[in-house]
Every structure is written in structure tokens, then in C-alpha cells.
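One-letter residues, chain by chain:
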There are 2 protein chains.
Amino acid sequence: MKPRVVVVGCGFGGLWAARALGRAPVELTVVDRTNHHVFTPLLYQVATAGLSAPAISGPIRHILAGQANTTVLLGEVQSVDAARRSLRFEDGSELAYDYLVLAAGTVNHYFGQDAWAPFAPGLKTLGDALDIRARILIAFERAERETDPAKRAAWLTFVVVGGGATGVELAGTLAEIARHTLRGEFRRIDPHNARVVLVEGSERVLPPYPRELSEKARLQLERLGVTVWPSKLVTGIDADGVTLGADRLAAKTVLWAAGVAASPLGRTLGAPLDRQGRVKVEADLSLPGHPEVFIVGDLAAVEGVPGIAPAAKQMGKHAANNIKLGLIGKPGKAFRYRDYGQLATIGRNAAVAQIGRLHLSGYPAWLTWLLAHIYFLINFRNRLVVLIDWAWAYWTYNRYARIIIRNPG
Amino acid sequence: MKPRVVVVGCGFGGLWAARALGRAPVELTVVDRTNHHVFTPLLYQVATAGLSAPAISGPIRHILAGQANTTVLLGEVQSVDAARRSLRFEDGSELAYDYLVLAAGTVNHYFGQDAWAPFAPGLKTLGDALDIRARILIAFERAERETDPAKRAAWLTFVVVGGGATGVELAGTLAEIARHTLRGEFRRIDPHNARVVLVEGSERVLPPYPRELSEKARLQLERLGVTVWPSKLVTGIDADGVTLGADRLAAKTVLWAAGVAASPLGRTLGAPLDRQGRVKVEADLSLPGHPEVFIVGDLAAVEGVPGIAPAAKQMGKHAANNIKLGLIGKPGKAFRYRDYGQLATIGRNAAVAQIGRLHLSGYPAWLTWLLAHIYFLINFRNRLVVLIDWAWAYWTYNRYARIIIRNPG
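Residues numbered from 1 in each chain as written. Chains lettered and ligands numbered in written order. Predicted model: local features only at pLDDT ≥ 70, side-chain atom pairs only at ≥ 80, totals over all residues. Heavy atoms only, no water.

It is worth spelling out the overall build of chain A at this point. For chain A, the helix and strand inventory stands at 10 helices and 25 strands. Here chain A has a C-alpha radius of gyration of 22 Å; the compact-globule value for 409 residues is 22 Å, and the two agree. Counting only contacts in chain A whose residues sit at least 6 apart along the sequence, the fraction spanning at least 24 positions is 63%. One way to put it: in chain A the 47 positive side-chain charges average out to a point 5 Å from where the 35 negative ones average out. (Helix = DSSP H or I, 4+ residues; strand = E, 2+ residues; numbered from the N terminus. Rg over C-alpha atoms; globule rule 2.2 N^0.38 Å. Contact = heavy atoms within 4.5 Å. Lys, Arg positive; Asp, Glu negative; His and termini not counted. Charge placed at Lys NZ, Arg CZ, Asp CG, Glu CD.)

Our next topic: the nonpolar core. As a rule of thumb, nonpolar side chains are buried together in soluble globular proteins. Counting 118 residues, the largest nonpolar core has Ile56, Leu87, Leu100, Leu102, Phe140 and Ile295 of chain A as the members making the most contacts within it. Among the elements that make up this core, the one with the highest residue count is helix H4 (residues 126-145) of chain A (eight residues). Once you skip the residues sitting within four places of it in the chain, Phe140 of chain A turns out to touch Leu156, Phe158, Ala178, Leu182, Phe186, Ile189, Pro191 and Ala194 of chain A. Core analysis: the second largest hydrophobic core is formed by 117 residues, Leu43, Val77, Leu130 and Ile323 of chain B among them. (Core = buried A, V, L, I, M, F, W, Y, C linked by side-chain atoms within 4.5 Å. Buried < 20%, exposed > 50% of the residue type's maximum accessible area, 1.4 Å probe, protein only.)

Residues and elements named next belong to chain A. At a closest axis distance of 7 Å, the pairing of helix H1 (residues 12-20) and helix H8 (residues 309-327) adopts a crossing angle of 35°. When you trace H1 past H8, the crossing you get is right-handed. Counted together, Phe12, Gly13, Trp16, Ala17 and Ala20 of H1 and Ala309, Ala312, Lys313, Gly316, Lys317, Ala320 and Lys324 of H8 form the full contact between these two elements. Taken together, the residues of the contact of H1 with H8 sort by class into seven nonpolar, two polar and three charged. (Axes fitted to C-alpha atoms, helices over the stretch in contact; angles between N-to-C directions. Left-handed = near helix turned anticlockwise from the far one by under 90°. Nonpolar A, V, L, I, M, F, W, Y, C, P; charged D, E, K, R; others polar.)

All names here are of chain A. Of all six residues making up strand S23 (residues 342-347), five are buried, and the element is well covered by its neighbours. Note that S23 and strand S24 (residues 350-355) share five bridges and pair antiparallel. By the bridge assignment for S24, Gln342 is matched with Gln354. Where S23 folds back on S24, the antiparallel hairpin that results is connected by two residues, among which Asn349 adopts a positive phi of roughly 65°. (Pairing = 2+ DSSP bridges.)

Right, let's get into the sheet that holds S23 of chain A. Residues and elements named next belong to chain A. The strand order across the open sheet formed by three strands is S23-S24-S25, and the pairing between neighbours is antiparallel. Where the open sheet ends on each side, the last strands, each with one partner, are S23 and strand S25 (358-361). Within the sheet, the average angular offset between the axes of one strand and its neighbour, ignoring direction, is 5°. Of the strands in this sheet, S23, S24 and S25 are in contact with helix H7 (residues 211-224), which crosses S24 at around 170°.

For the rest of this paragraph, the subject is a nonpolar patch on the surface. On the surface, a nonpolar cluster with roughly 280 Å² of combined accessible area is contributed by Tyr363, Leu367 and Leu371 of chain A. Looking at where Leu367 of chain A falls in the secondary structure, it is placed in helix H9 (residues 362-377). (Patch = residues over 30% accessible without salt bridge, like charges linked within 9 Å, V, L, I, M, F, W, Y side chains within 5 Å. Areas by Shrake-Rupley, 256 points an atom, 1.4 Å probe, with all protein chains shown as cover. Salt bridge = Lys/Arg side-chain N within 4 Å of Asp/Glu carboxyl O.)

Another aspect to go through is the packing of aromatic side chains. Scanning the entire structure with this criterion turns up 16 aromatic pairs over all chains. A centroid spacing of 6.2 Å and a plane angle of 45° characterise the contact between Phe140 of chain B and Phe186 of chain B, whose relative ring orientation is tilted. Here the residue Phe140 of chain B occupies a position in helix H4 (residues 126-145), and Phe186 of chain B occupies one in the loop between helix H6 (165-181) and strand S12 (195-199), the gap between them amounting to 46 residues. Comparing Phe140 of chain B with Phe186 of chain B shows no difference in burial state: the two are buried. If you follow Lys252 of chain A out to its NZ or CZ, it ends over the ring of Trp155 of chain A, 5.3 Å from the centre. (Phe/Tyr/Trp six-rings, centres within 6.5 Å; stacked < 30°, edge-to-face > 60°. Lys NZ or Arg CZ within 6 Å of the ring centre and 35° of its normal.)

Residue and element names in this part refer to chain A. Sheet architecture is open: six strands sit in the order S5-S2-S1-S9-S21-S20, paired in mixed fashion. Only two strands of the sheet have a single neighbouring strand rather than two, namely strand S5 (70-74) and strand S20 (286-287). The pairing of S20 with strand S21 (residues 290-295) spans two bridges and is antiparallel. Residue pairing in the sheet places Leu287 in a bridge with His290 of S21.

What follows is about the pairing of S25 of chain A. Residue and element names in this part refer to chain A. Relative to S25, S24 runs antiparallel, the two being bridged by four bridges. Across the sheet, Ala353 pairs through a bridge with Leu360, a residue of S25. With antiparallel pairing between neighbouring strands as the criterion, S24 and S25 make up a hairpin whose turn holds two residues, including Gly356 at a positive phi of roughly 60°.

For the structure on display, the rule yields 36 salt bridges over all chains. Residue Arg145 of chain A is joined to Asp91 of chain B by a salt bridge in which the shortest nitrogen-to-oxygen separation is 3.1 Å. Of this pair, Arg145 of chain A sits in helix H4 while Asp91 of chain B sits in the loop between strand S7 (86-89) and strand S8 (94-96), each in a different chain. Of the charged contacts, one joins Arg218 of chain B and Glu222 of chain B as a salt bridge, the two residues approaching to 3.0 Å between their closest N and O atoms. One end of the pair, Arg218 of chain B, and the other, Glu222 of chain B, are both in helix H7 (residues 211-224), four residues apart, so they sit about a helical turn from each other.

Residue and element names in this part refer to chain A. Relative to the assigned elements, Thr70 resides in strand S5. Thr70 sits in the buried class, given a relative accessible area of 2%. For Thr70 and Ala18, which are 52 residues apart along the polypeptide, the C-alpha to C-alpha distance reads 8.3 Å. A polar atom in the side chain of Thr70 sits 2.8 Å from the side chain of Gln67. (Polar contact = N/O pair within 3.5 Å; in protein donor to acceptor, adjacent residues only side chain to side chain.)

Let us look at the side chain of Asp274 of chain A. For Asp274 of chain A, the position within the fold is in the loop between strand S18 (260-262) and strand S19 (279-280). Filtering out sequence-adjacent residues up to four positions away, Asp274 of chain A remains in contact with Lys280 and Ala301 of chain A.

What follows is about the environment of Ile60 of chain A. Residues and elements named next belong to chain A. Along the chain, Ile60 turns up in helix H3 (residues 60-63). The spatial distance from the C-alpha of Ile60 to the C-alpha of Thr268 is 25 Å, given a sequence separation of 208 residues. Residue contacts for Ile60: discarding those within four places in its chain leaves Cys10, Val30, Asp32, Thr34, Asn35, His36, His37 and Val72.

With that out of the way, let us pick up the side chain of Gln314 of chain B. Residues and elements named next belong to chain B. Assignment of secondary structure puts Gln314 in helix H8 (residues 309-327). The class of Gln314 is buried, set by a relative accessible area of 17%. At a separation of 2.9 Å, a polar atom in the side chain of Gln314 contacts the main-chain amide nitrogen of Arg338. Leaving out residues up to four positions away in the same chain, Gln314 has contacts with Phe335, Arg336, Tyr337, Arg338 and Tyr340.

Comment: phi is negative for the bulk of residues other than glycine, and the bulk of peptide bonds are trans. All names here are of chain B. Even without being a glycine, Phe111 presents a positive backbone phi close to 50°. Its location among the elements puts Phe111 in the loop between strand S10 (106-108) and H4. Residue Phe111 is classed as exposed on the basis of its relative accessible area of 51%. Phi is positive for Leu206, which is not a glycine, with a value near 45°. Mapped onto the elements of the fold, Leu206 is located in the loop between S12 and H7.

It is worth stressing that arrangement in space is one thing and function is another; only the former is reported here.
Quick look at the structure:
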């Protein structure tokens, strides 16, 4: 019987591991709790109605259909029993493995303030993105119907908590929607008067970037109409707004981009975790004491490796290669991260990029961002549709997916 | 002050009325409980994962943004007080009118068996379509994980109740998904073995069509792999299947295409209704005793006018023109339906069409259907994306929107 390899989670880490094992002499099972892989760098475009959900996602079993050794299962893994080499699903059934790649990623994390969650959705899944999209669109609709000026102002105030890449993208795009997309479509309100506030706890936005690029990002955000509040700590979020120490901001729409924590699945391993709940792995990405278990992507704590898609892909592929080495009795190799730089987009023609020693901002950075994303989307069949949607959005400022759907199911 | 015209509902009837009033010297308010108009003839494509929801819909306020006399409001009208010429919203607020166009359409109707609704969703809204899409995709996923053969067969049995145009479209497309789209993507089941049963109460599918075309539709359905059960009355639907008198069909997925009823808003008018709850209107489409109120689309009972999009458009435009005549003191004209024929699609290269005395089936009918829908989609910006998606789906049998999203909001 061929060795059984199980990959849990089909984000960038899991999918790249599964692909790298596509021709290996193993019996591969890929498990995810959704039926699709999401191109997460464009999730903010779904949340801001620029793209439809299917445009940035693909059915996992379709992506992997050509791999004859691969079975795809929809299911939620609740725990890993590393001693027994077995996984337990939500329905109590079990799945045994000889090798395991754990790529369960992260979940939204409210720093112990879970009561904030219903008022400030995070952006991790397509469901989150459609929820945020509906909230944004409904806020403008409610403002149009509201007669009380204070309540109307609260419907027209959008607070994004967290000035990392996701927060910067959301805030910049929100400002564009208010200033351009919705222009001329309302009669009782002027969407241009909408207020977008980006709150960041540290002293600058995009903290992992060089200070000079953070400054350029802030200037570009302000040019788009975003109010940037650095060095502000959120102390409360409720249905009517945000509290920041002594300050209070009345806002009916609050988006959470301030933090994620590693999947709780990591805790079931019984291994040492870091402060964010990530699993401290060996140099070859394996679980200490379990050379047959590999942790990749955002669930793995590896010094100097950021929580971005290219890093997850590299880890996924590396774990797969170490499994292939194991199959022929060879020891695994240590993981080395290849840093291709980092990119954050802010809005039309506005972005920052760091590629080695090269620092870009404004139009050149935005073009780099665009070309990079088109290149990486080429693995998806949807690239043509995405390109047309982008081209359309660029020339017209229109956002075609401005559809509020409340799924009853 | 200009006369206040209110249009309630923005399907084909309401939207065409609103457009026809775009340059009239009135203060026009368009109310809908969603923010979008849906191209309903393609709703079955969203339900069967061929198209994304935004591809067949457009934001109402964007469509009408160019009409300076028009205000769009998101809201749910709960009752009409024709005597006081006022509408009441879900939040208790009111809206007065001088002229009213009521285009509230239909709702799913279970012939008094509302307990069936959770087990057999109908297809009226984008939310319905995404719910049905998720149920279909989850059924195949559950079958892949199921080890009990009887339960597995129930997950692979799909029952469509109702052999009208929607039922025929859903059944034909479901059979195509099982036989072509999902081929090679599962390891433990063969989707080809899925059973699609179309149940129709009368003796033939597509009852409003000529008998010869009904027969051709049945043959095309059977060629696609659909089991057609005419003259079968459903007597029970539950979580595990459908009861048809003495027969029982174990099925985890049941779709309801057997009937709709007029919107309950019609009942609040205090006017005579027909058996389906539609309002019996005057020859000029006005409410008896209320020449300032017009009923259009599926909510209006007009002898010899079918419940299809072209009829609703014609009524909407006609009501708008009668209002314009009223503004200059002239009497309204009687509505005359122009019959351009009827079209129903079944699957790839399979359809039936009746255009006057011309009866088509198979490829010619399908091509007619395709060209007609492309033509009518031209009012939408999404036509290019839709065309690409269709071309892709045609050549590859792939359905790119196979994404299960459970919207938490």
C-alpha cells in the first residue's frame, strides 16, 4: 500500500504542497472546510464590490482533478492526534495518515475582545467579504433614508481598525467608492461626505515596511480622502461606534484588520506555540518529535518569514519535497525563505512596493502590484474575466459587483 | 410642486416603468427591498454555478443614476393605503404618492404546504440561487464522504418539482453538471450516476407550449439523462425525500419550481384578486376605482398575458405612458400585449421555442435563445463577462462559479 499523505487546509501553503505531491507515489488526501481555494490578495476587492466571489476563487477538486493520486474531501478537521497519526473530523470520523501537512492558516483575532466581532467583521473568507460588502452598501442606503443628521453621519462614517496591508487596501478603496463610484447616484446624501478613518495602534501604517514607504502610503491615503489616525488604541467597539481611550467615534460600519491568530488546530498538537498561537517548527518545517508532520503557511512560526502568500507557497512546496525525500529514506532539508519583496495597494495608481533595495510608490508601485497579481492569477481560469473587470473599473470607477445578497441558507 | 410618482419593485415591470418616466416632469421614487435588478431569465445559471451573481444583476441606483428626477430607496413596502394615497414601510415610515406603479411580482408558493419550504427552496432571488447552488454542490461533497450506499444514493438524487420553464432549465443543467462538469473530479463516487428526476403534475412538461414542443423538450431532457415523471402529484417533502402518493423517492436535494403566488402586497389594496392572488386590473392596468394606481408585471391579472419578462416590460412601459397621459389631462389607453413568442432552454444545444407559428427545437432553438438573451443583456454592462463565461462553459463544460459560500451576515 502506498504511503498516505494528508494535507489539511487548501490556502496557498496547502495547495502548493498538494500540487508538488501530484505525481508522487503516495495516496494523497486534501481536506478543506470550504470547497474552494481563494486568491486572498484580492479578497478586499470582493469586499469592496470590485470583483465577484467566483472571480478570485476556484473549486479545489477542479484545480486538483488532474492528479490521479489525489482525493479531495470537504470537511472540518477538529483535532490532530500526532501520537496515533490520525485526524478527527467534525462528525467524529477519523482519517489516518503516514505523513501530514498542516496548513490551517489563521482566524480573526480580537485580542480577547470577542464581543467586538459582530460589530467589526474581519476579512478572512469569501463569506466575510460578502458580509463586509453588504454592510458597506447598506450603510449608504440607510444614510439615504435617514432623516436625523447625527444618525446619517454615523451611517456615513467608516472605521477601519488596523493599518497593515489589508487595512490600507480597505480604507483606500472605501474612499474611492465614496468619492468616485457612487457619485451622482444619491439624491439626499452626497457620498463624497463619507468619512473613512484608518486607526493604527503603532506610530505608522504598514509597520513592516521601510519608514519612508509608510510615510508615502499615509500621504497617498490622505490624498484619497482617508483620515489616518496612528498611535491610537481601540478600547471598545459596539453597534454605534468605536471608543479610543478618551475619544469616541460614532460609526455604523467598523471593519477589523487589526489582527489574526493561528488556527486553533495548532493547539491540539501539544507542541510549543509562539505568542500568536503559531507552532514552533524544526528547521525542516516538521513538528518537534514528529518528522512525519509538517506545518506550513501562517500556522508555522519561522523566524524572519512573513505571513504572506509567497512565503506560504514556498513552505508548502518545501514540505512536499521533504516528504518525497522521506519516501526514499533521505533526511529532510532546512527551509530557506526567498524574499521577493512586499507590495501593498492603496487605490487607483496608489501603492507602495519594496523589492530588495528598490522602493517604489505611487503609479510605478501600483503597476508592479497589478502586473504581479495578473501574473499570479494566471494559474486561475478567471484571469480574463478579472482583467476585464479591472480594466472596466479603472476607466469608469464603476464597481460591478455592488450587489447586496443576504443568503438565507 | 411636481406630481410624486412612486414605483414599488424593480423587476422588469418596475424598471421599465421607471425608465419610461425618466424625463417626465415628475418627482419619481423607486423602492425595492434589494439594491439590485436581476436578469431573472438567467437566475438558473447562478443557481447551477454557471454565472456569478453580479454577472446577471445591476445596482438599481446605478442603472437609474442618469435620471435627475429619480430617487432610489432601499426598503420593504408592507402595505398600500390607496384611499390616503400612501405607502407604509417596514420601519413604520410612510411615503405619499400622486401616482403609484405597483410591480411587486411574485413569491414562492407551496400550495398551503409551507412546511415544505425549508426542504425545497424555490428560485426567485439571488439569495435563493446561491442557496440552491450551495445545496447542489454540498450534495456531491457529502456523497463523496458517505460510506452507507443508501445514504450515498440519496445524496446523489436530485428532484425538481415542477415542469415549467424554470424546472426544465434546472433539471437539464443538473444533468449536465453530473455528466460533464464534475467528470473526473471525484474518487469514491461517479457523478455520472447521479439521478435527476423532474416531477410534473400535469401530463406533460412546459404545459403552456404546443404539445409537439413539450414532447421534444421531454426527449431532449431524457437524452441529457433526466428522468421525467409527468402526471405525478407531490404529497409530501421532508429532509430525506419526496412522497408522491404511494411512491417515495429518497433524495437529499429537492428544488421547487412548481408554483409562485402574487406578492402579499396585492392583498393590502382591498381589490378583487384572482386565484393566484393577482390583482384584477382595468383595461388600462389601473386599480378599479383608483385611476392613479397601476399594477404591472406578475402582480397584475390580465387575460391572455403570460408571466414572462417581455410581458412585464410592456406593462411597465404602458403604465408609465398612461401616467404621462394623465399628467396632461388625457385618459389612459387600454393595454395590448404583443406576443413575441416563448423560449425555454434545456441544456447545451437543447431548447424549444415558439415564435408565432414557428416552432423550433434542439440547436436552432438553443441558438435563438442564446442570441435573444445576449441581445437583452446588452442593457447591462456585464454582457462581455457573461459572454466569456458562456463561451468558456460551452467549450469546456466547466462551470466557474462552483463556490459554496455560506454568508454569515
